[in-house]
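For reference, the chains in residue letters:
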Amino acid sequence: MLYLLLPFLSFIASVKALIQGRFGRRYGKNSQDAVMYNCVMFAATALIFFILYLFSGEGLPGAPTVYLAVIVGACSVAFQFFYTKALGRGSVSLTALINGFYLIFPTTLGALAYGEAIAPVQMVGAALFVATMLLTVTPEQGRRNDGKWLAMALACMAASGTVNALQKVHQHTAAHAEYMSFIVVSNIAAFVFSLLIYWIHRARTGERRTAPFTPNVVAPIVLVGLIMGLYNVLTLYLSGRLDSVIMYPAINVINMAFTTLWSVTVFKDRLSRRKALALLIGTASVVLISL
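J.: I'm lost on the nonpolar core in this one. Help?
T.: A general tendency of soluble globular proteins is for nonpolar side chains to be buried together. Of all hydrophobic cores here, the largest spans 29 residues; its most connected members are Tyr83, Leu97, Ile98, Phe101 and Trp149. Residue assignment for this core shows that the elements contributing at least two residues are α1 (5-26), α3 (63-89), α4 (92-99), α6 (120-137), α7 (147-170), α10 (244-265) and α11 (273-290). Looking at this core element by element, the count peaks at seven residues for α7.

Right, here's the structure in full:
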């Protein structure tokens, strides 16, 4: 029965990408739009997890939870900003694919800092990652690559990877059981950072958001916050009940299938043969790195 939750998790993760992609293409006219999007989303997620925290029985968070969560909050701001911009600018499926390589960061940290072994299949996955990047960044005949989109997609991967690496660090501290408070503090910090960035940037440049602050715009953003909360709760629940060797590859593969479906049907993205090959090789790479 628990395995039925895996496609559900993949589906809601792909819906999150779908909503962010639609916002980025329709309303994301400048940086302030993406920052304000993050403010609403982080506030919604913080509220959801604070309610769960009140019923979790956790006490006040310790120092490791607080300082690591604040850093994670800052990295989450960077991730969501670049993710929203990249989804609004380039291929949804390829953006999600590149971001999926965030697994390299916690895997490498585990090997270097905690003595976790890197399996041969993960090394093969890393080699396929290089091949995927070469296929993605090499211009095709008669075409030019969107360098800004690629830079944003890679920034997403780096920020997401850093978040997951710091979460691994937290799980090796004495405060490892303070999961709910960790999520609450990180999202509150992310909200505060986003709000500060918005007002500082506005004061220095005069740039204002162009996206309307209406219910039909705000409601999908709040929905993304709900999805983030639900996704984190379910992955926490399943991580103690399912083998990682099954859980993470399954989530990644099914997520890529859904994301590719949205990319083609909703956003009308057209993948060349080379980009389609990069998508297939990249999906295989993500699965191998997840093992």
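Structure shown, so let's carry the discussion forward.
J.: What is the right way to look at the environment of Leu261 in this model?
T.: Position of Leu261 among the secondary structure elements: in helix α10. Residues Leu261 and Phe193, 68 residues apart in the sequence, show an inter-C-alpha distance of 34 Å.

J.: Just to check I follow, could you spell out empty space enclosed by the protein for this structure?
T.: Gaps between atoms show up when a probe of the same size as a water molecule is rolled over them. In total, this model carries one cavity of 30 Å³ or more according to the counting rule given. Estimates place the volume of the largest cavity at around 60 Å³. As for the largest cavity, its lining consists of Phe23, Asp33, Met36, Tyr37, Val40, Arg209, Ala211, Pro212, Phe213, Val217, Val218 and Ile221. Put simply, the parts of the chain that give the lining of the largest cavity at least two residues each are α2 (31-56) and α9 (215-239).

J.: I would appreciate a short explanation of α2 in the present structure.
T.: For α2, spanning 26 residues, the distance from its first C-alpha to its last is 37 Å, which sits close to the expected 38 Å at 1.5 Å a residue. Measuring from the backbone nitrogen of Gln32 back to the side-chain oxygen at the start of α2 gives 3.0 Å, which picks out Asn30 as the cap. The first or second residue beyond α2 is Gly57, which carries a positive phi of 85°.

J.: In this structure, what is going on with the environment of Gly21? I would like to understand it.
T.: Along the chain, Gly21 falls in helix α1. Given a relative accessible area of 0%, Gly21 falls into the buried group. Considered as a pair, Gly21 and Gly90 are 69 residues apart in the sequence and their alpha carbons are 9.3 Å apart. Those residues in contact with Gly21 that lie beyond four places of it in its chain are Leu87, Gly88 and Phe267.

J.: Can you help me understand the confidence of the model for the protein in this one?
T.: Atom-level detail of predicted coordinates should not be read off regions where pLDDT is low. Residues with a pLDDT of 70 or more make up 91% of the protein, whose mean pLDDT is 84. Mean pLDDT in the protein bottoms out at α10, which sits at 75, and peaks at helix α8 (residues 179-205), which reaches 93.

J.: It is not clear to me how the packing of aromatic side chains should be interpreted in this structure. Could you clarify?
T.: Here the distance between the centres and the angle between the planes together describe a pair of aromatic rings. For the coordinates displayed, the defined rule picks out eight aromatic pairs. Look at Phe23 and Tyr27: their rings are 5.7 Å apart centre to centre, the planes differ by 45°, and that puts the pair in the tilted class. The two residues Phe23 and Tyr27 agree in class, both being buried. What links up through ring pairs into an aromatic cluster is the set Phe11, Phe258 and Trp262.

J.: Please clarify how the side chain of Asn187 should be interpreted in this entry.
T.: Structurally, Asn187 can be placed in helix α8. For Asn187, a relative accessible area of 6% gives the class buried. Beyond its immediate stretch of four places on either side in the chain, Asn187 contacts Phe42, Thr45, Ala46 and Met228.

J.: Hey, could you run me through a nonpolar patch on the surface in this one?
T.: On the surface, Leu47, Phe50, Ile51, Leu54 and Phe55 cluster together into a nonpolar patch covering about 570 Å² of accessible area. Following the sequence through the fold, Phe50 ends up in helix α2. By relative accessible area, which is 40% here, Phe50 ends up partly exposed.

J.: I'm lost on the state of the cysteines in this one. Help?
T.: In protein chemistry, a disulfide is the covalent bond that joins the sulfur atoms of two cysteines. Summed over all chains, the structure comprises zero disulfides. The thiol of Cys39 is not disulfide-bonded; the next cysteine sulfur, from Cys75, is found 17 Å away. Cys156 carries a free sulfur, and the closest cysteine sulfur to it, the one in Cys75, is 13 Å from it.

J.: Can you help me understand the side chain of Thr283 in this one?
T.: Position of Thr283 relative to the elements: it lies in helix α11. Setting aside residues no more than four positions away along its own chain, Thr283 makes contact with Leu97, Val253 and Met256.

J.: Please explain the packing of α1 against α3 as it appears in this structure.
T.: Two packed helices can be described by the angle between their axes and the distance between those axes. Look at α1 against α3: their axes get within 7 Å of each other, and the N-to-C directions meet at 70°. On the basis of the axis angle, α1 is roughly perpendicular to α3. Residue-level contacts link Lys16, Ala17, Gln20, Gly21, Phe23, Gly24 and Arg25 of α1 to Phe79, Gln80, Tyr83, Thr84, Leu87 and Gly88 of α3.

J.: I would appreciate a short explanation of the packing of α3 against α7 in the present structure.
T.: Packing of α3 against α7 brings their axes to within 8 Å, and their N-to-C directions diverge by 160°. The angle between α3 and α7 places the two elements in the roughly antiparallel class. When you trace α3 past α7, the crossing you get is left-handed. Partitioning the contact of α3 with α7 into residue classes produces 19 nonpolar, five polar and three charged.

Criteria and thresholds
Residues numbered from 1 in each chain as written. Predicted model: local features only at pLDDT ≥ 70, side-chain atom pairs only at ≥ 80, totals over all residues. Heavy atoms only, no water. Core = buried A, V, L, I, M, F, W, Y, C linked by side-chain atoms within 4.5 Å. Buried < 20%, exposed > 50% of the residue type's maximum accessible area, 1.4 Å probe, protein only. Helix = DSSP H or I, 4+ residues; strand = E, 2+ residues; numbered from the N terminus. 1 Å grid on protein atoms, 1.4 Å probe; cavity = no way out; pocket = protein on both sides within 12 Å on 5 of 7 lines; lining within 4 Å. Points joined across faces, edges and corners; volume = space filled by probe spheres on them. Expected span 1.5 Å × (residues − 1). Polar contact = N/O pair within 3.5 Å; in protein donor to acceptor, adjacent residues only side chain to side chain. Contact = heavy atoms within 4.5 Å. pLDDT = per-residue confidence, 0-100. Phe/Tyr/Trp six-rings, centres within 6.5 Å; stacked < 30°, edge-to-face > 60°. Patch = residues over 30% accessible without salt bridge, like charges linked within 9 Å, V, L, I, M, F, W, Y side chains within 5 Å. Areas by Shrake-Rupley, 256 points an atom, 1.4 Å probe, with all protein chains shown as cover. Salt bridge = Lys/Arg side-chain N within 4 Å of Asp/Glu carboxyl O. Disulfide = S-S within 2.5 Å. Axes fitted to C-alpha atoms, helices over the stretch in contact; angles between N-to-C directions. Parallel < 35°, antiparallel > 145°, perpendicular 65-115°, else oblique. Left-handed = near helix turned anticlockwise from the far one by under 90°. Nonpolar A, V, L, I, M, F, W, Y, C, P; charged D, E, K, R; others polar.

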